[in-house]
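Here's the letter readout for the chains.
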Amino acid sequence: MSRSPDMLKLLTYLHDSELVARFQRRCGLVLVEGAHHSLVRLSAPSGTPAHADVPRGQLKGRRDHQDNNSNYKYKENGCAVAGFSRPQYEVRNWLLHFLFLFSAGLGHEIFYITCLPCIHWSLDPFLCRRLVNMWCLVMYIGQVMKDMLKLPRPLSPPVVKLETRVDAEYGLPSTHAMAATAISFTVLLSAPSRIQFQFEVGLLIALTLSSLVCLSRLYTGMHSVLDVICGALISAIIMFLTYPYWETFDRFQLTSHISPIVALTLPLFLSYTYPELDHYSTTRGDTTTILGVGAGCSVGYWVNEQLGQTFEPKGVLPVPLPTLTAHALVLGAARFVVGVLALVGTRQVMKTLSLHVLYLWYRVSKNDDSARRRREIEVPYKFSTYTAVGLVNSILVNKVFILLGLL
């Protein structure tokens, strides 16, 4: 009977903000004494979590007043916040600082839209397909769990928070930890049948990358130790349970006549039925983005299979790793530039067009930025935009490479 209180104590300890603050201090990130930012909520929408006291990254109101202490007063959506100042912190270990900031970036959109597609373009579309499938699955489960459990992020102070965009989201589990674990070990488990490499080296790389991303969530002050541990464990459990069915899903995804229908309708349904919160959070929009990419890529892989243009490695599998010659590096860099330009261009064009159509349909002013938060606008514009990005990545980019002689 004494195990339950002991377990509760352990969980409480792992979720303690002070534990994160101690980790930051040991890594050389110190909150300057007496410079803690304070938030005084004068009025706020009901139901907004205490940890989401108007994050800096979402404060886009006007500056009404500036006193002698450089504290501002903002207004946004009827919520007045006074005594707001940017938190002061000191970095005492710049090597760890940049290492963890870079590691945290491995879980952001800029990494997903630039580096992950390179696996498709320069290595093996098979690996990219497996990776995208698992990434979509674990991220959807993680995002939904966040908004169902509603556990707060670490408090600041004592924690230094280096990111602000997602501070209004709940904390457990860490989807960065989930994605890093899923991406690293999906590639590790899928690659031996496709590419010749030393498994022990691959395991070391997978452990290193996933660990760096997990630790970066503590360093940036966005998650507790419990959030990160649960994220990695949940991702590992999902992979363990689904691994026996990866081959079966591959065949369905590539050969079934209903595959493209399922690939489009199921993610769109999940986006529209995403759990509603009593305050705005970026989780629904980010989840729709991920599901849109997965839908577009899935349809694209099905189309490639039907056309017999899968762009897979030539020769008997597993093939040797490509030799890193100067010529190969130049071709790889050229593919990276052309591919990223194609994806970013597609994203911008589709985003502009879809928002224009939706604003006209719902008779919303183009200057009303808050309209993008409405489900009837946010879901279709993000889903259509990133479905197009997924289609371009899986179908068109490789064809452009062929035309330009980059394959």
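You'll find the structure just up there.
All of the points below concern the structure found in this document. The structure presented is a predicted model; accordingly, all values stated were derived computationally and were not measured.

## Description of the overall build of the protein chain
Along the backbone of the protein chain there are 14 helices and eight strands. A burial count over the protein chain gives 48% of its 407 residues as buried. Considering only contacts within the protein chain whose residues lie at least 6 apart along the sequence, 78% involve residues at least 24 apart. A total of about 20,800 Å² of accessible surface is found on the protein chain, and carbon and sulfur atoms cover 65% of it.

## Looking at the side chain of S184
The residue S184 is located in helix α7 (residues 175-190) in this model. Residue classification places S184 among the buried residues on the basis of a relative accessible area of 12%. The contact partners of S184, leaving out residues within four places of it in the chain, are A206, L209 and S210.

## So, the nonpolar core
With 45 residues, the main nonpolar core has Y112, W135, V138 and L343 as its most contacted residues. Counting residues per element, this core draws most heavily on helix α6 (residues 125-149), at 10 residues. Beyond its immediate chain neighbours, meaning those up to four positions away, W135 contacts Y112, A179, I183, I290 and V293. The next biggest cluster of nonpolar side chains, apart from the first, holds 12 residues, and it includes L14, V159, L172 and L218.

## Digging into a nonpolar patch on the surface
Taken together, the side chains of I258, I261, V262, L266 and F269 make up a nonpolar region of the molecular surface, amounting to roughly 460 Å² of accessible area. For I261, the position within the fold is in helix α11 (residues 259-272). The class for I261 is exposed, based on a relative accessible area of 52%.

## Notes on the packing of α6 against helix α10 (residues 246-255)
At a minimum axis separation of 12 Å, α6 and α10 run at an interaxial angle of 105°. As judged from the angle between their axes, α6 and α10 are roughly perpendicular. Residues F126, R129, R130, N133 and M134 of α6 form the contact with α10, whose participating residues are W246, E247, F249, D250, Q253 and L254. Here the contact of α6 with α10 is built from residues that sort into five nonpolar, two polar and four charged.

## Points about helix α2 (residues 17-26)
Those residues of α2 that sit buried are S17, L19, V20, A21 and Q24. If you check the start of α2, you find a side-chain oxygen 3.3 Å away from the backbone N of E18, and it comes from D16.

## So, the state of the cysteines
Covalent bonding between the sulfur atoms of two cysteines defines a disulfide. According to the stated counting rule, one finds zero disulfides in the structure shown. Free cysteine C118: the closest other cysteine sulfur is in C115, separated by 6.0 Å. Residue classification places C118 among the partly exposed residues on the basis of a relative accessible area of 22%.

## As for the pattern of salt bridges
Should the charged atoms of two oppositely charged side chains come close, the side chains can pair. Counted under the stated rule, the structure contains 13 salt bridges. Of the charged contacts in the structure, one is a salt bridge between E163 and R217, with a shortest N-O distance of 3.0 Å. Of this pair, E163 sits in the loop between α6 and α7 while R217 sits in helix α8 (residues 199-219), and the two are 54 residues apart along the sequence. The residues E163 and R217 share a single accessibility class, namely buried.

## Some thoughts on the packing of aromatic side chains
In the structure shown here, the tally under the stated rule is eight aromatic pairs. One residue, R129, lies across the ring of Y301, its end atom 5.9 Å from the ring centre. When the ring centre of F126 is taken as origin, the NZ or CZ atom of R194, which lies over that ring, is 4.3 Å away.

## Details of the environment of R130
Mapped onto the fold, R130 is located in helix α6. In this structure, the C-alpha to C-alpha distance between R130 and E247, residues 117 residues apart in sequence, is 9.6 Å. Look past the residues within four positions of R130 in its chain and what remains in contact with it is T186, S190, W246, E247 and D250. Of the polar contacts made by the side chain of R130, one reaches the side chain of D250; its length is 2.8 Å.

## Thoughts on α6
With 25 residues, α6 extends 36 Å from end C-alpha to end C-alpha; this agrees with the ideal 36 Å at 1.5 Å per step. For α6, the buried fraction is high: 19 of the 25 residues fall into the buried class. Residue D124 occupies the N-cap position of α6, its side-chain oxygen lying 3.0 Å from the main-chain nitrogen of F126. Positive backbone phi, at 60°, marks K150, one or two positions downstream of α6.

## What to know about the packing of α11 against helix α14 (residues 375-404)
As a packed pair, α11 and α14 sit with axes 10 Å apart at the nearest point and diverge in direction by 150°. Judged by the angle between their axes, α11 and α14 are roughly antiparallel. Considering only the axes of α11 and α14, their crossing is right-handed. The residues of α14 that touch α11, namely those facing L264, P267, L268, S271 and Y272, are R375, V379, P380, F383 and T387. Per-class residue counts for the contact of α11 with α14 are seven nonpolar, two polar and one charged.

## Focus on the environment of S384
With respect to the secondary-structure elements, S384 resides in helix α14. In this structure, the C-alpha to C-alpha distance between S384 and A295, residues 89 residues apart in sequence, is 9.8 Å. In terms of polar contacts, S384 uses its side chain to reach the backbone carbonyl oxygen of Y381, at 3.2 Å.

Each value, and the rule that gives it
- Residues numbered from 1 in each chain as written.
- Predicted model: local features only at pLDDT ≥ 70, side-chain atom pairs only at ≥ 80, totals over all residues.
- Heavy atoms only, no water.
- Helix = DSSP H or I, 4+ residues; strand = E, 2+ residues; numbered from the N terminus.
- Buried < 20%, exposed > 50% of the residue type's maximum accessible area, 1.4 Å probe, protein only.
- Contact = heavy atoms within 4.5 Å.
- Areas by Shrake-Rupley, 256 points an atom, 1.4 Å probe, with all protein chains shown as cover.
- Core = buried A, V, L, I, M, F, W, Y, C linked by side-chain atoms within 4.5 Å.
- Patch = residues over 30% accessible without salt bridge, like charges linked within 9 Å, V, L, I, M, F, W, Y side chains within 5 Å.
- Salt bridge = Lys/Arg side-chain N within 4 Å of Asp/Glu carboxyl O.
- Axes fitted to C-alpha atoms, helices over the stretch in contact; angles between N-to-C directions.
- Parallel < 35°, antiparallel > 145°, perpendicular 65-115°, else oblique.
- Nonpolar A, V, L, I, M, F, W, Y, C, P; charged D, E, K, R; others polar.
- Polar contact = N/O pair within 3.5 Å; in protein donor to acceptor, adjacent residues only side chain to side chain.
- Disulfide = S-S within 2.5 Å.
- Phe/Tyr/Trp six-rings, centres within 6.5 Å; stacked < 30°, edge-to-face > 60°.
- Lys NZ or Arg CZ within 6 Å of the ring centre and 35° of its normal.
- Expected span 1.5 Å × (residues − 1).
- Left-handed = near helix turned anticlockwise from the far one by under 90°.

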